[in-house]
Amino acid sequence: MEITPLEAWIQRKIGCSRLTREIINSYQLYRLNETLDLVRNRSAFYRRKFAHLPGAGLSRLEDIRHLPFTSAADIKENPLRFLCVSQSEIRRVVSLTSSGTTGGGKRVFFTAGDQELTVDFFHHGMSVLVEPGDRVLIMLPGTRPGSVGDLLLKALNRLGAVGILHGPLGDVRETIKIMNQERVDSLVGIPVQALALARCSEHAGAYRLKSVLLSTDYVPAAVVRELQRIWGCKVFNHYGMTEMGLGGGVECRALAGYHMREADLYVEIINPRTGEPVPQGEMGEVVFTTLTRVGMPLIRYRTGDLSRFIPERCPCGSVLRRMDTVKGRLAGVIELAPGRELIMSQLDEALFAVDGMLDFNAFITAKGGTNILHIEAKFLAGWEEKGRNSINNALANIPQVQQAVAEGILQLAPAAFSTAEWSNTGTAKRIIRDLRGRGCERNI
């Protein structure tokens, strides 16, 4: 199997004749100490946060565990205090808001050089699934210069592929028309929107794709299976977030976990309760440190995503670290009772396997001390009645739901249905809304 192109790319960035784990670790330690020196001198936030720490650099990568974490709340409070350059050098500001949070959203700043790092990663990462001449539909925001779709378009041009900037899914019928007119080979998009497009296109006429890249959200295995079945394509997962610089890791053709962007990021997996590193192979929270960003470097940023490092070497043979696909988010847990939790990813895996399902929302209410789970589902036209029984069966087969119902701490409300075959459907994030009088709504 062909080795991931990220390995040769990272080898060139590091400047070595042969890439090994020892060389990667040495490079990362050097870049980490450079970044620590930069933020101590230029960032008002980190100057204060690190004031009590020794000024000398780290002697081992493992010593990063002694540095404090950075949180989303830190960025929200005063993002300008993170800057290590003058505001005149900033070329792109991204404002982020999350459902259920209070106050203003986060703002993340990038210089032109920071954005070039992202384009460079996209260029080499997309070569895993796209070849020169391929026509790629970009179903991500891209109207503004420096937006994710705009940067991806630049990367595809460098690769010799043709990027077709579409934006998030709106009118499904119009998108199918564009796919046929433009003779699209590949697609990059949000998981739920890609599923809605695939299921609608299946009933509008056969369409085959070479490859699909899913990004921006947790990717249910049920969605991957459906895209493979309907479009006959390979489905690749990408991991990234705006704070990370949009790109973090991408699967190779083995489709066996993300190969990480190790020349630009140092990634840890920690126990979310203790903050300590977990043993290799164990699940925990993803934490990253930027190694090459200069506008707004981040040290030990807690993502809230749950994953693990895969100890075994990838079937492609790369020495790059491999992270398992994200399994959910810490903020996505609804507590039904002590020791009993419901997670959106559990619902995703069960409900997106239901025939005709395009999208769904979930929320929890309470009556007489019992939690009630409500599902609002969007189906292809004509599939609603068949879907009613399928939803109930799918929910009953989730072990956590099954157990909670048996213990009397959860009831299932009749599902509500709507038809969304040719309308705006699919969202970037699914949420379980907690409507039990606590006034909170949690992102999944």
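The residue numbers shown here count from 1 along each chain, following its written sequence. With the structure being a predicted model, the display of local features is reserved for residues of pLDDT at least 70 and the display and counting of side-chain atom pairs for 80 or more, all residues being used for whole-chain, interface and lining totals. Excluded from the side-chain calculations are hydrogens and water; all other atoms, namely the structure's heavy atoms, are used.

## Considerations on the overall build of the protein
Using the following cut-off: Every helix listed is a DSSP run of H or I at least four residues long, and every strand listed is a run of E at least two residues long, numbered separately from the N terminus. We take the radius of gyration over the C-alpha atoms and set the globule estimate at 2.2 Å times the residue count to the 0.38 power. Partly exposed describes any residue whose relative accessible area lies between the buried limit of under 20% and the exposed limit of over 50%, with all areas from a 1.4 Å probe on protein chains only and scaled to the type maximum. To measure how exposed things are, a 1.4 Å probe is used in the Shrake-Rupley method; for residues, cover is taken only from the protein chains shown. Just so you know, the count uses Lys and Arg for positive and Asp and Glu for negative, and it drops His and the chain ends. Throughout, a charge is located at the NZ atom of Lys, the CZ atom of Arg, the CG atom of Asp or the CD atom of Glu.
On a plain count of helices and strands, the protein comes out with twelve helices and 22 strands. For the protein, whose C-alpha radius of gyration is 22 Å, the value lies close to the compact-globule estimate of 22 Å for 444 residues. In terms of principal-axis extent, the alpha carbons of the protein reach across some 65 × 55 × 45 Å. By the burial criterion, 56% of the 444 residues in the protein qualify as buried. Only carbon and sulfur atoms are counted for the fraction: they give 49% of the accessible area of the protein, which is about 18600 Å². Distance between charge centres in the protein, computed from 54 positive and 47 negative side chains, equals 3 Å.

## Re the sheet that holds strand β10 (residues 265-270)
Working definition: the strands of a sheet are paired by backbone hydrogen bonds and lie parallel or antiparallel to each other. Our working rule: At least two DSSP bridges between two strands are needed for those strands to be called paired.
The sheet built from four strands is open, its strands ordered β10-β11-β12-β14 with antiparallel pairing. If you trace the sheet from one side to the other, it starts and ends with β10 and β14 (328-329), each paired once. Here strand β11 (residues 284-290) pairs with strand β12 (residues 301-307) via four bridges, running antiparallel. From the neighbouring strand, phenylalanine 288 faces β12, where its bridge partner is tyrosine 301.

## Let's talk about the packing of aromatic side chains
Each pair of aromatic rings is reported with the distance of its centres and the angle of its planes. To keep it simple, the criterion reads: Here the aromatic set is Phe, Tyr and Trp, taking the six-membered ring for Trp, and pairing holds for ring centres within 6.5 Å; pairs whose planes are under 30 degrees apart are stacked, those over 60 apart are edge-to-face, and all others are tilted.
Counted under the stated rule, the structure contains nine aromatic pairs. On the basis of an interplanar angle of 20° and a centroid distance of 4.2 Å, the ring pair of phenylalanine 45 and phenylalanine 82 is categorised as stacked. Pair noted here: phenylalanine 45 is in helix α3 (residues 44-49) and phenylalanine 82 is in the loop between α4 (72-77) and β1 (90-96), with a separation of 37 residues, a long-range link. Across this residue pair, the class does not change: phenylalanine 45 and phenylalanine 82 are buried. Ring geometry for phenylalanine 288 and tyrosine 301: centres 5.5 Å apart, planes at 50°, overall tilted.

## A few points about helix α1 (residues 5-14)
Applied cut-off: To obtain the arc, one takes the directions from the helix axis to the C-beta atoms. In what follows, residue pairs with any heavy atoms lying within 4.5 Å of each other are defined as contacts.
Along α1, the residues classified as buried are Leu6, Glu7, Trp9, Ile10 and Ile14. The arc that holds the buried residues of α1, viewed along the axis, is 165°, so those residues lie on one side. In the core, the buried residues of α1 are packed alongside α2 (21-42), α5 (112-126), β8 (249-251) and β9 (258-260). Immediately beyond the C-terminal end of α1, within one or two residues, lies glycine 15, with a positive phi of roughly 85°.

## Observations regarding the packing of α5 against helix α6 (residues 148-159)
How we decide: Inter-axis angles, ranging from 0 to 180 degrees, are taken between N-to-C directions of lines fitted to C-alpha atoms, where helices are fitted over the stretch in contact. Just so you know how the angles are binned, under 35 degrees is roughly parallel, over 145 roughly antiparallel, 65 to 115 roughly perpendicular, and the rest oblique. Crossings are classed by handedness, with left-handed meaning an anticlockwise turn of the near helix from the far one by less than a right angle and right-handed meaning a clockwise turn.
Where α5 contacts α6, the two axes come as close as 8 Å, and the packing angle between them is 55°. Viewed along their axes, α5 and α6 adopt a mutual orientation that is oblique. Crossing of α5 against α6: the hand is right-handed. Here Gln115, Glu116, Thr118, Val119, Asp120, Phe122, His123 and Met126 of α5 come into contact with α6, specifically with Val148, Leu151, Leu152, Lys154, Ala155, Leu156, Arg158 and Leu159.

## What to know about the state of the cysteines
What counts is decided by this rule: Criterion for a disulfide: a pair of cysteine sulfur atoms at a distance within 2.5 Å.
Per the counting criterion, the structure on display carries zero disulfides. Free of any disulfide, cysteine 252 has its nearest cysteine sulfur in cysteine 314, 3.6 Å distant. Residue classification places cysteine 252 among the buried positions, given a relative accessible area of 1%.

## Some remarks on the pattern of salt bridges
What counts, and what does not: Put simply, a salt bridge is a Lys or Arg side-chain nitrogen that is within 4 Å of an Asp or Glu carboxyl oxygen.
Per the stated rule, a full pass over the model turns up 23 salt bridges. With a closest N to O distance of 3.3 Å, arginine 253 and glutamate 2 form a salt bridge. Here arginine 253 is found in the loop between β8 and β9, whereas its partner glutamate 2 is found in the segment before α1, with 251 residues between them in sequence. Residue class for arginine 253 comes out partly exposed when judged on its relative accessible area of 32%. For aspartate 434, the salt bridge identified is with arginine 436, shortest N-O distance 2.8 Å. Taken individually, aspartate 434 and arginine 436 each receive the classification buried, so the pair is uniform in this respect. Through salt bridges with shared partners, a single ionic network connects Arg199, Glu202, Glu226 and Arg229.

## Observations regarding the confidence of the model for the protein
We count it as follows: Each residue carries a pLDDT score, the predictor's own confidence in it, on a scale running from 0 to 100.
On average, residues of the protein score 88 in pLDDT, and 92% of them are at 70 or above. Predicted confidence is poor over residues 421-428, with pLDDT under 50, and the contacts of this stretch with residues over four places away or in other chains come to 36 contacts. Here residues 439-444 scores under 50 on pLDDT; set against residues more than four positions off or in separate chains, the count is 28 contacts.

## Observations regarding the pairing of strand β3 (residues 135-138)
How we decide: Classification remark: right-handed applies to a crossover when, strands pointing away from the viewer, the course from the first strand over the helix to the second runs clockwise.
Here β3 shows two buried faces, one formed by Arg135 and Leu137 and the other by Val136 and Ile138. Handedness of the β-α-β unit built from β3, α6 and strand β4 (residues 162-165) comes out right-handed. One ladder, built from three bridges, connects β3 with strand β5 (residues 186-189); its direction is parallel. For leucine 137, the partnering residue across the bridge sits in β5 and is leucine 187.

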